[in-house]
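Residue strings, one per chain:
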Amino acid sequence: MIQISRGLENVIIKETSLTYIDGEKGVLRYRGYNIEDLAENCEYEEVVHLMLFGELPNAKQLQEVKEKINQSYEVPLEVLEAMQKLPRDADPISLMETAFSIMSIWGKRINRLTALDIIAKASTIVSNVYRIKEGLKTKIPEPSESYAKSFLEATFFKKPSADEVKAMNTALILYTDHEVPASTTAALVSASTLTDIYSCITSALSALKGPLHGGAAEEAFKQFVEIGSPDNVEKWFEENIIKSKKRLMGFGHRVYKTYDPRAKIFKKMAYSLAKEESKKYLQIAEKLEELGVRYFSQKKIYPNTDFYSGIVFYSLGFPIYMFTSLFALSRILGWLAHVIEYLENQPAIIWPRALYVGPEKRDFIPLSQRG
Ligand code: CMC
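Here, residues in each chain are numbered from 1, in the same order as that chain's written sequence. It should be noted that, the model being predicted, local features are given only for residues of pLDDT at least 70 and side-chain atom pairs only at 80 or more, the latter also being counted only at that level, while totals for whole chains, interfaces and linings use all residues. Processing note: side-chain calculations cover all non-hydrogen atoms of the structure and skip hydrogens and water entirely.

- Named according to an unreviewed UniProt entry, the protein is Citrate synthase originating from Acidianus infernus.

### As for the UniProt feature "transmembrane region" (unreviewed entry) in the protein
Here is step 1: UniProt positions are given in the numbering used here, feature names are shortened, and annotations may be inferred rather than shown by experiment. UniProt annotation of "transmembrane region" (unreviewed entry) refers to residues 307-329 when read in the numbering used here.
Here is step 2: The span residues 307-329 carries 70% helix and 0% strand; its end-to-end C-alpha distance comes to 18 Å. Strands here mean DSSP runs of E at least two residues long; helices mean DSSP runs of H or I at least four residues long; both are numbered from the N terminus.

### Description of helix 7 (residues 147-156)
Here is step 1: Extensive coverage of helix 7 is indicated by the burial of 10 of its 10 residues.
Here is step 2: If you check which residues of helix 7 are buried, you get Tyr147, Ala148, Lys149, Ser150, Phe151, Leu152, Glu153, Ala154, Thr155 and Phe156.
Here is step 3: The contact criterion used is simple: two residues touch if any of their non-hydrogen atoms lie within 4.5 Å. At its buried positions, helix 7 is contacted by helix 2 (44-53), helix 3 (59-70), helix 6 (112-133), helix 8 (162-174) and helix 16 (323-345).
Here is step 4: One side-chain oxygen of the residue at the start of helix 7 lies 3.2 Å from the amide nitrogen of Ala148, identifying that residue as Ser146.
Here is step 5: Immediately downstream of helix 7, the backbone of Phe157 shows phi near 55°, a positive value. Relative accessibility under 20% of the residue-type maximum defines a buried residue, over 50% an exposed one, and the middle range a partly exposed one, all with a 1.4 Å probe and only protein chains included. Pairs of N or O atoms are called polar contacts if they sit within 3.5 Å, as long as, within protein, a hydrogen donor faces a hydrogen acceptor (for residues adjacent in sequence, only side-chain-to-side-chain pairs).

### Structural notes on the UniProt feature "active site" (unreviewed entry) in the protein
Here is step 1: Cross-referencing UniProt, the feature "active site" (unreviewed entry) maps to His253 and Asp306 in the present numbering. These annotated residues cover 54 residues of sequence, but their C-alpha atoms sit close together, with the largest distance between any two at 10.5 Å.
Here is step 2: In this fold, His253 is placed in the loop between helix 12 (233-243) and helix 13 (261-273).
Here is step 3: Classification of His253 by relative accessible area gives partly exposed; the value is 24%.
Here is step 4: Setting aside residues up to four positions removed in sequence, His253 forms contacts with His178, Asp260, Arg262 and Asn304.
Here is step 5: A polar contact of 3.2 Å, which involves the side chain of His253, links it to the backbone nitrogen of Tyr256.
Here is step 6: Position of Asp306 relative to the elements: it lies in helix 15 (residues 306-315).
Here is step 7: Classification of Asp306 by relative accessible area gives buried; the value is 4%.
Here is step 8: Once you skip the residues sitting within four places of it in the chain, Asp306 turns out to touch Tyr175, His213, Ala216, Ala217, Ala220, Gly250 and Phe327.
Here is step 9: There is a polar contact of 2.4 Å between the side chain of Asp306 and the side chain of Tyr175.

### Re the pairing of strand 1 (residues 19-22)
Here is step 1: Sheet topology places strand 1 next to strand 2 (residues 27-30); four bridges connect them, and they run antiparallel. By the bridge assignment for strand 2, Asp22 is matched with Val27.
Here is step 2: Here strand 1 hands over to strand 2 after four residues, with Gly26 in that stretch at a positive phi of 75°. Here, a strand pair is defined by DSSP locating no fewer than two bridges between the strands.

### A word on the domain arrangement of the protein
Here is step 1: In this entry, domain limits derive from an automatic or database-based domain assignment. According to the domain assignment, the protein consists of domain 1 (19-210 + 321-345) and domain 2 (216-315).
Here is step 2: One C-alpha centre belongs to domain 1, the other to domain 2, and the line joining them spans 25 Å.
Here is step 3: Across the boundary between the two partners, domain 1 contributes 27 residues, which contact 24 residues of domain 2.
Here is step 4: The buried area of a pairing is the accessible area, by a 1.4 Å probe, that goes missing from both parts when the two are put together, added over both. When domain 1 packs against domain 2, the two sides together hide about 2,000 Å² of surface, and 70% of this comes from carbon and sulfur.
Here is step 5: Ranking the residues of domain 1 by area buried against domain 2 places Leu174, Tyr175 and Phe323 at the top, with a combined share of 34%.
Here is step 6: By convention in these notes, a salt bridge is any Lys or Arg side-chain nitrogen within 4 Å of a carboxyl oxygen on Asp or Glu. Put simply, domain 1 and domain 2 have two salt bridges between them.
Here is step 7: Across the domain 1-domain 2 interface, the total number found is six residue pairs in polar contact (both at pLDDT 80 or more).

### Quick notes on the sheet that holds strand 2
Here is step 1: Across the sheet, which stays open at both edges, the three strands sit in the order 1-2-3 with antiparallel pairing between neighbours. Looking at strand neighbours, the two that pair on one side only are strand 1 and strand 3 (33-34), the edges of this open sheet.
Here is step 2: Bridge analysis of strand 2 against strand 3 gives two bridges, and the strand direction is antiparallel. Bridged to Arg29 within strand 3 is Asn34.

### Points about the nonpolar core
Here is step 1: Think of a nonpolar core as a cluster: buried Ala, Val, Leu, Ile, Met, Phe, Trp, Tyr and Cys residues, connected wherever their side-chain atoms sit within 4.5 Å. If you look at the biggest cluster of nonpolar residues, it comprises 111 residues, and the most contacted ones within it are Met96, Phe100, Met168 and Phe318.
Here is step 2: When residues of this core are assigned to domains, at least three map to each of domain 1 (19-210 + 321-345) and domain 2 (216-315).
Here is step 3: Excluding residues that lie within four positions of it along the chain, Met96 makes contacts with Ile125, Val126, Val129, Leu205, Ser325, Ala328 and Ile332.

### A closer look at the environment of Ala354
Here is step 1: Topologically, Ala354 is positioned in the segment after helix 16.
Here is step 2: In sequence terms Ala354 and Ala216 are 138 residues apart; their C-alpha atoms lie 29 Å from each other.

### Section: unusual backbone geometry
The general pattern is negative phi for most residues beyond glycine and trans for most peptide bonds.
Here is step 1: With phi around 65°, Asn10 is a residue other than glycine that occupies positive phi space.
Here is step 2: The residue Asn10 is located in the segment before strand 1 in this model.
Here is step 3: Despite not being glycine, Arg31 has its phi angle at roughly 45°, a positive value.
Here is step 4: Since its relative accessible area comes to 24%, Arg31 is described here as partly exposed.

Below is the structure:
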């Protein structure tokens, strides 16, 4: 009897030295390092080196990564022009897909240096998603000592505080990689055909955008806005989750059957950054978390990374529509690292099969004889 794996659950599609997840214990490691240690102690560029080159960098190597990124923020004029031609209300991920599709005109095969170039250009693209949607002049990030700082400065055209840079840096690290979820698998499927790397990123973006994956942070935050006040959480939960059986967004995970370790870190960050308005959302989120855990823990459904990340992004000044693009900005590193690893170790075209369950062989009926 042939077994179909629903949603490819537990199907192993590659070996990886990048990311280790223990879904039962809530452990996440990049190349052996606990996510908590990396998030607390690293600059994003150190994680870039770790993921692409295999080790945390020494001071000279870190400087080299930063220099290469700083030299690479410029994007071809056509990219920003095309983004500007889309309607202002276009979905931000559509703007990103447009940008990366255009980049594929200059199609690149991937290697570690082109990966650094793409990481820099991704910052320019995401910054300008915000600027274009807000009707602001486009801007290329300025070289600086920090990728997170250059990104925030270019986006909002003002100097971010040290706490804001640190929070952006940590968010970039937390979203960097998560083994082979839908978006990374989409990138790998494209990469396995030996297409150019920008096309792989466009494939990944399309998969990331959906509300069950990267779009969940926006949906989770919209729940907090809809609830409106901590006093309304119980009523909202009763009506929407218990009675109407809607999904609680920002809860549940294919791999984690306990708390997502990233959710805990985002929650802590949300507290330390919270300004007046985000404090209200934090109170709502915490009450919703309590009810959600009480109701769902028997099914092993707990908060995932997207539950609190939106409050962090909101406190940094980003509108809700930017949350998925910020996830993408960080995850591009994971996509690139997995594509490189796959092509180096196991470059077979990904081409699964489907089990045919349609009609047996039938005689053809000409159009004139069909009733
Ligand atoms: N709210 C209510 N019920 C849920 C939820 C949820 N958030 N998540 C899972 N379930 C239930 C589901 O209804 C099903 O119940 P039953 O067995 O009675 O039919 C059971 O749990 C298994 O769900 P599933 O959809 O088969 O599980 P999956 O592993 O295929 O899906 C998931 C994982 C993330 C798509 C799902 O948990 C979900 O839809 N969560 C909400 C969206 C979300 O927060 N996504 C972010 C994922 S983490 C960040 C990232 O994208 O990387």
